[in-house]
Amino acid sequence: NPLTRIPRYASTSGQQTVLVVLYEGSMLILYCLIILKRSSVFSKGGDAGKRNKNILGCVENALGLPKWIKENNLENRLKLVVTSDKQGENSVVEKTLPEASVVISQPFWPCYLDNKRIDKAKNLKLAITAGVGSDHVNLEAACKRGITVAEVSGSNVVSVAEHVVMQMLALVRNFIPAYKQVINGEWDIAQIADKARDLENKHIGTVAAGRIGLRVLQRLKPFNVHLHYYDKFRLDKSIEKDLNVKYHSNVESLVKECDIVTINCPLHPETEHMFNKKMISLMKKGSYLVNTARGKIIDRDALVDAIKSNHLEGYAGDVWYPQPASKDHPWRSMPRHAMTPHYSGTTLDAQARYAAGVKEILENWLNGRPQREEYLIVDKGRVVSNAYTEGDATKGHSGNK
Ligand code: NAI
């Protein structure tokens, strides 16, 4: 078995290339400009990434790695290539992959490491997710090649849970049309009230009650709602009792009972398109769906049909496939949505945590020390996280879209 020849925690020698793929600070400016144009505060748009050193997750600030390398005298051991240029044969990613020992990427601007790219990355030993969610890596191929896949588990789970509750409220209280009225100089209360409801007494269910799903349940409890969850693993009885949450042994049973469903499981072959036409048809008529997990857990067009036919009352979330979403992605223009670009897990607070986690993982790797168990998704040629199954969720993505 070739895997047995892969040294497990040998410390590295020689200079290693670390390819860091992040979003651009200037992408944020573009976004700011569009918003600020209306209020004419144009000059303050500025270059967010350069202005705000706490946006660690963008190219300009590179997770604080350049400073960390300097402070720890690692210049001779690590060569950093930091880029957002990940699309096309001539992209920096494609050109750097053959020499990269480590690829650091993030779900907000994923560097899809599909079969083709893993083949190309002959020296790749470690793929780090700056954040949570490693579906952008073909885990099957990583197992075969003995590539370690690690993420900063827990780093942004509160950030996402808060976003879920925010988007749930935005949908149920009909916030987006109300906000638009204010901007447009209108005042038509009945038009908004027509679809505005309270969360109280609603049945709300989470698909998965891991770190995020559990935090969503905890945050919803004070709203006096009926809580439900489905997961491969059951929560402790004491937690179920404390939250007064009903367990469902399958998704079908959960969606049939809930007015609002939130998806909080990882994307892997078992969950890909879990919400297809059939599953969505089992959801209650007039219910809401919130998905901050991964775009591909939902069948894109089945969702659009369900919203257009009024089977679903509304949809929110911040995850798309592929990312960044194309300008004409149908979720952008479908009715009654409260979507955001993928940012729920990259608040300033979250960035500080995942940047620190990335450094910890790199440091362990350089020194041949074991990684924290909870950070490991693939290790020694197998999937070691029980939240994932061995398989490839990058299929259907050329890596260049
Ligand atoms: P976690 O590993 O703590 O929990 C995942 C849960 O999903 C586990 O309880 C596991 O048993 C369950 N699960 C996995 N496959 C399942 C299946 N087939 N059926 C039922 N349950 C299943 O992960 P965490 O931290 O809660 O994150 C979950 C996902 O949320 C991530 O994998 C990622 O895709 C997404 N995420 C999104 C972020 C964003 O910015 N929008 C940020 C962080 C995570």
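The structure presented is a predicted model; accordingly, all values stated were derived computationally and were not measured. Residue indices follow the written sequence of each chain, beginning from 1 at its first position. Restriction of local features to residues with pLDDT of at least 70 applies here, the model being predicted, together with a cutoff of 80 or more for giving and counting side-chain atom pairs; totals for whole chains, interfaces and linings are based on all residues. In computing side-chain properties, one takes all heavy atoms of the structure into account and sets aside hydrogens as well as water.

What follows deals with the packing of helix α7 (residues 157-172) against helix α10 (residues 211-220). Remark: α7 packs on α10, axes separated minimally by 9 Å, with the N-to-C direction vectors making an angle of 50°. Viewed along their axes, α7 and α10 adopt a mutual orientation that is oblique. Crossing of α7 against α10: the hand is right-handed. Residues Val157, Val158, Val160, Ala161, Glu162, Val164, Val165 and Met168 of α7 form the contact with α10, whose own contacting residues are Arg211, Ile212, Arg215, Val216, Arg219 and Leu220. Lys, Arg, Asp and Glu make up the charged group, whereas Ala, Val, Leu, Ile, Met, Phe, Trp, Tyr, Cys and Pro make up the nonpolar group; the residues left over, Gly among them, are polar. Split into classes, the residues belonging to the contact of α7 with α10 amount to 10 nonpolar, no polar and 4 charged. Convention adopted: a line fitted to C-alpha atoms gives each axis, helices being fitted over their contacting stretch, and angles between N-to-C directions are expressed from 0 to 180 degrees. Starting at the N terminus, helices and strands are each numbered in turn, a helix being any DSSP run of H or I of at least four residues and a strand any DSSP run of E of at least two. Small angles under 35 degrees read as roughly parallel and large ones over 145 as roughly antiparallel, with 65 to 115 read as roughly perpendicular and the rest as oblique. It is the rotation of the near helix from the far one that decides the hand of a crossing: anticlockwise by less than a right angle makes it left-handed, clockwise makes it right-handed. Every residue pair with non-hydrogen atoms within 4.5 Å of one another is taken to be in contact.

For the rest of this paragraph, the subject is the site of the ligand. By convention in these notes, a residue is near a molecule or strand provided one of its non-hydrogen atoms lies within 4 Å of it. Lining the immediate surroundings of the ligand are 30 residues, of which Arg211, Ile212, Asp231, Thr292 and His342 lie closest. Between the ligand and the protein, one listed contact pairs a nitrogen atom with a side-chain N or O atom of Glu270 at 3.0 Å. Measuring from a nitrogen atom of the ligand, one finds a side-chain N or O atom of Asp318 at 3.2 Å. Compared with its free state, where it exposes 860 Å², the ligand has 94% of that area covered by protein. Method remark: on a 1 Å grid restricted to protein atoms, a set of points is classed as a cavity if a 1.4 Å probe fits but cannot get out and as a pocket if it is open with protein on both sides within 12 Å along at least five of seven lines; lining residues have an atom within 4 Å of a point. To decide whether a molecule occupies a pocket or cavity, check its atoms: if more than half lie within 2 Å of the grid points, it is inside. Taking a 2 Å distance to the grid points as the criterion, the majority of the atoms of the ligand fall inside the second largest pocket. Those elements giving two or more residues to the shell around the ligand turn out to be α7 and α10. Of the residues that constitute the shell around the ligand, the class distribution is 14 nonpolar, 10 polar and 6 charged. Polar contact is defined as a pair of N or O atoms within 3.5 Å, subject to the rule that within protein one atom must be able to donate a hydrogen and the other to accept it, and that residues adjacent in sequence are counted only when both atoms are side-chain atoms. Shrake-Rupley sampling with a 1.4 Å probe provides the accessible areas, and residues are treated as covered by the protein chains on show and by no other component.

What follows is about the pairing of strand β4 (residues 126-129). For each residue, the accessible area found with a 1.4 Å probe, counting protein chains only, is set against the maximum for its type, and the residue is called buried under 20%, exposed over 50%, and partly exposed in between. Going residue by residue along β4, you find Leu126 and Ile128 tucked away on one face and Ala127 and Thr129 tucked away on the opposite face as well. Strands are treated as partners if at least two bridges between them are detected by DSSP. Examined bridge by bridge, strand β3 (residues 100-105) and β4 share 4 bridges and lie parallel to one another. If you follow Val103 over to β4, its bridge partner there is Ala127. Look down the strands so they point away from you; if the path from the first strand over the helix to the second goes clockwise, the crossover is right-handed. With respect to chirality, the unit in which β3 leads through helix α5 (residues 115-120) into the neighbouring parallel β4 is right-handed. With helix α6 (residues 139-145) bridging β4 and the parallel strand β5 (residues 148-151), this β-α-β connection has right-handed handedness.

Structurally, the position occupied by Asp392 is in the segment after β13 (382-383). Polar contacts involving the side chain of Asp392 include one to the side chain of Asn138, which spans 3.2 Å. At 2.5 Å, the side chain of Asp392 and the side chain of Thr394 are in polar contact. If sequence neighbours within four positions are ignored, Asp392 has contacts with Asn138, Glu140, Pro269 and Glu272.

Per residue, pLDDT measures the predictor's confidence, with a range of 0 to 100. Scored by pLDDT, the chain has a mean of 91; 91% of the residues are at 70 or more. This stretch, residues 27-46, has a pLDDT under 50; its non-local contacts, to residues over four places away or in other chains, come to 14 contacts. The ipTM value of the predicted complex is 0.99, and its pTM value is 0.92.

Attention shifts here to the nonpolar core. The definition of a nonpolar core used throughout is a set of buried Ala, Val, Leu, Ile, Met, Phe, Trp, Tyr and Cys residues joined through side-chain atoms within 4.5 Å. Among the nonpolar cores identified, the biggest contains 56 residues, and Leu63, Ile104 and Leu113 are the most heavily contacted of them. Of the residues forming this core, the biggest block, 7 residues, is contributed by helix α16 (residues 348-367). Not counting residues within four places of it along the chain, the set of residues in contact with Leu63 comprises Val20, Leu22, Leu56, Gly57, Ile104, Ala130, Tyr354, Ala355, Val358 and Lys359.

Here we come to the layout of surface pockets. Empty space within the second largest pocket amounts to approximately 1000 Å³. Contributing to the lining of the second largest pocket are 47 residues, with Gly210, Asn264, Cys265, Pro266 and Ala387 lying nearest its centre. At the level of secondary structure, the elements contributing two or more residues to the lining of the second largest pocket comprise α7, α10, β7 (226-230) and β12 (376-379). A per-element tally of the lining of the second largest pocket places α10 first, with 3 residues. The class makeup of the residues in the lining of the second largest pocket is 23 nonpolar, 14 polar and 10 charged. Grid points are joined across faces, edges and corners, and a volume is the space filled by probe spheres set on the points.

Looking now at a nonpolar patch on the surface. Nonpolar side chains (Val, Leu, Ile, Met, Phe, Trp, Tyr) within 5 Å and like charges within 9 Å form the patches, drawn only from residues with over 30% relative accessible area and no salt bridge. Definition used for salt bridges: Asp or Glu carboxyl oxygen within 4 Å of a side-chain nitrogen of Lys or Arg. On the surface, a nonpolar cluster with roughly 420 Å² of combined accessible area is contributed by Phe175, Tyr179, Val182 and Ile183. Note that Val182 resides in helix α8 (residues 175-183). Residue class for Val182 comes out exposed when judged on its relative accessible area of 61%.

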